[in-house]
Amino acid sequence: MEMSKVLERVAEEAAQLRGAGMVMDYIPALAEVDPDHFGIALAELDGSVLGVGDWETPFSVQSISKVFTLALVLAGSDESFWQRVGREPSGSAFNSLVQLEHERGIPRNPFINAGALAVTDELISMVGDASGDLLAFLREESGNPDLEVDENVAASEAAHADRNLALAHFMASYGTLRNPVATVLDQYVRQCSIAMSCRDLALAALFLADRGFRRDGSALLSCRQAKRINAIMLTCGTYDAAGEFAYRVGVPGKSGVGGGILSVIPGRCAVAVWSPGLDKRGNSVVGMAALDHFTTLTGWSVF
Ligand code: DON
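1. Some words on the overall build of the protein chain
For step 1, the next point in the chain: What the protein chain contains, in helices and strands, is 13 helices and eight strands.
For step 2, the next point in the chain: Scaling as 2.2 N^0.38, a compact globule of 303 residues should have a C-alpha radius of gyration of about 19 Å, and the protein chain matches this with 18 Å.
For step 3, the next point in the chain: In terms of its C-alpha atoms, the protein chain occupies a principal-axis envelope of roughly 55 × 40 × 35 Å.
For step 4, the next point in the chain: Relative to its 303 residues, the protein chain shows a buried fraction of 56%.
For step 5, the next point in the chain: In the protein chain, of all internal contacts separated by at least 6 residues, the share reaching a separation of at least 24 is 69%.

2. Here we look at the site of the ligand
For step 1, the next point in the chain: Around the ligand sit 14 residues in total, of which Tyr26, Gln62, Ser63, Glu157 and Tyr188 are the nearest.
For step 2, the next point in the chain: One nitrogen or oxygen atom from the side chain of Gln62 is found 2.6 Å from a nitrogen atom belonging to the ligand.
For step 3, the next point in the chain: For the ligand, a nitrogen atom lies 3.4 Å from a polar atom in the side chain of Tyr239.
For step 4, the next point in the chain: The residue inventory of the shell around the ligand, partitioned by class, reads six nonpolar, seven polar and one charged.

3. Brief notes about the nonpolar core
Here is a general trend for soluble globular proteins: nonpolar side chains tend to be buried in one another's company.
For step 1, the next point in the chain: Of all hydrophobic cores here, the largest spans 68 residues; its most connected members are Phe68, Leu70, Leu138, Leu201, Leu221 and Ile229.
For step 2, the next point in the chain: One finds Val6, Ala11, Phe245 and Val249 within the second-largest nonpolar core, a separate group that totals 24 residues.

4. Notes on helix α7 (residues 162-173)
For step 1, the next point in the chain: In this model, α7 (12 residues) spans 16 Å end to end at C-alpha, consistent with the 16 Å of a helix rising 1.5 Å per residue.
For step 2, the next point in the chain: Of all the positions in α7, only Asn164, Leu167, Ala168 and Met171 are classed as buried. For α7, the buried positions fall inside an angular range of 95° around the axis, keeping them on one side. Along α7, the residues that are exposed and aim more than 90 degrees away from the buried face are Asp162 and Ser173.
For step 3, the next point in the chain: In this structure, the buried residues of α7 make contact with α3 (98-102), α4 (113-127), α6 (151-158) and α8 (181-192).
For step 4, the next point in the chain: Among the residues trailing α7, Gly175 stands out with phi positive, at a value near 80°.

5. Re the side chain of Asn164
For step 1, the next point in the chain: Positionally, Asn164 belongs in helix α7.
For step 2, the next point in the chain: Note on Asn164: relative accessible area 7%, which makes it buried.
For step 3, the next point in the chain: In this structure the side chain of Asn164 is engaged in a polar contact, spanning 3.0 Å, whose partner is the side chain of Asn113.
For step 4, the next point in the chain: Every residue in contact with Asn164, bar those within four places of it in the chain, is listed here: Asn113, Leu117, Glu157, Leu185 and Tyr188.

6. Some words on the packing of aromatic side chains
For step 1, the next point in the chain: Applying the stated criterion to the full structure yields nine aromatic pairs.
For step 2, the next point in the chain: Relative to Phe207, the ring of Phe137 lies with its centre 5.7 Å away and its plane at 80°, an arrangement referred to as edge-to-face. Here Phe207 lies in helix α10 (residues 206-209) and Phe137 lies in helix α5 (residues 130-142), a separation of 70 residues in the sequence. Grouping residues by exposure puts Phe137 and Phe207 together as buried.
For step 3, the next point in the chain: Through pairs of rings, three or more aromatic residues link up here, namely Tyr26, Phe94 and Tyr239.
For step 4, the next point in the chain: Its end group placed over the ring of Trp82, Arg87 keeps NZ or CZ at 5.2 Å from the ring centre.

Criteria and thresholds
Residues numbered from 1 in each chain as written. Predicted model: local features only at pLDDT ≥ 70, side-chain atom pairs only at ≥ 80, totals over all residues. Heavy atoms only, no water. Helix = DSSP H or I, 4+ residues; strand = E, 2+ residues; numbered from the N terminus. Rg over C-alpha atoms; globule rule 2.2 N^0.38 Å. Buried < 20%, exposed > 50% of the residue type's maximum accessible area, 1.4 Å probe, protein only. Contact = heavy atoms within 4.5 Å. Near = heavy atom within 4 Å. Polar contact = N/O pair within 3.5 Å; in protein donor to acceptor, adjacent residues only side chain to side chain. Nonpolar A, V, L, I, M, F, W, Y, C, P; charged D, E, K, R; others polar. Core = buried A, V, L, I, M, F, W, Y, C linked by side-chain atoms within 4.5 Å. Expected span 1.5 Å × (residues − 1). Arc of directions from axis to C-beta. Phe/Tyr/Trp six-rings, centres within 6.5 Å; stacked < 30°, edge-to-face > 60°. Lys NZ or Arg CZ within 6 Å of the ring centre and 35° of its normal.

These values are about where atoms sit, not about what they do.
Next up, the structure:
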């Protein structure tokens, strides 16, 4: 079946669920988004991209940004980074505090909030303006020079950041962070508040489908590093629903509370989907169902 037909079929199926789930409200600006949006985009290794629905409408990428900050850190540092952050699934909520004390301030993986704060801290040490560096990278890879931090979302999250501040202070007490908590929080919030469309995200993630090669042909990551990020996406990218995501979708994926899910099909393409209604674990209900249909129709699950 032609890929445009596959996406149309996926969108038809998704339309039956449209509006399912709850828009996230602990970041008040995200609660203002219309829950009926749905978009899906697929980017192939040659840079061609197609989509259906609201695939060119920007939304808040939130935790999907964590994939890209991790890539930038791994591209510029050695393996010693892994002494400060684990790479095992957490089986607990993305903003949970409990594991951190048991594990003496070392976050379970780079995609739960605690781990992502530690990754951002590392990127700050490497480049200073971590979110600015990330934005420049995303503009280049997506080919969209207009990408911006949504300042309204950033201010809203910064004003409601008690949980992340608690995680960051707790890690700081164990020496996991090297920069001041306020700096790390500010940079983390800005990275999460970048607005991108499904089109932008699918294009920006192609390096993960293409053995670490950027769109200009240069290598951001080695083949082995790209493999490892994809593995962490599969095992940790949807938090305490990573088992369900593997069961239903079966490819590396990373969700965000803005309702986006980015998935990578190594050697083939990157697919981004967006629908703002979330399940209790913070993953897009319609997005998950759409990706389930997509990998079923194409047979492109890794399983
Ligand atoms: O730190 C937070 O809570 C948000 N900026 C990001 C959380 C998120 O997207 C979790 N993913 N499903």
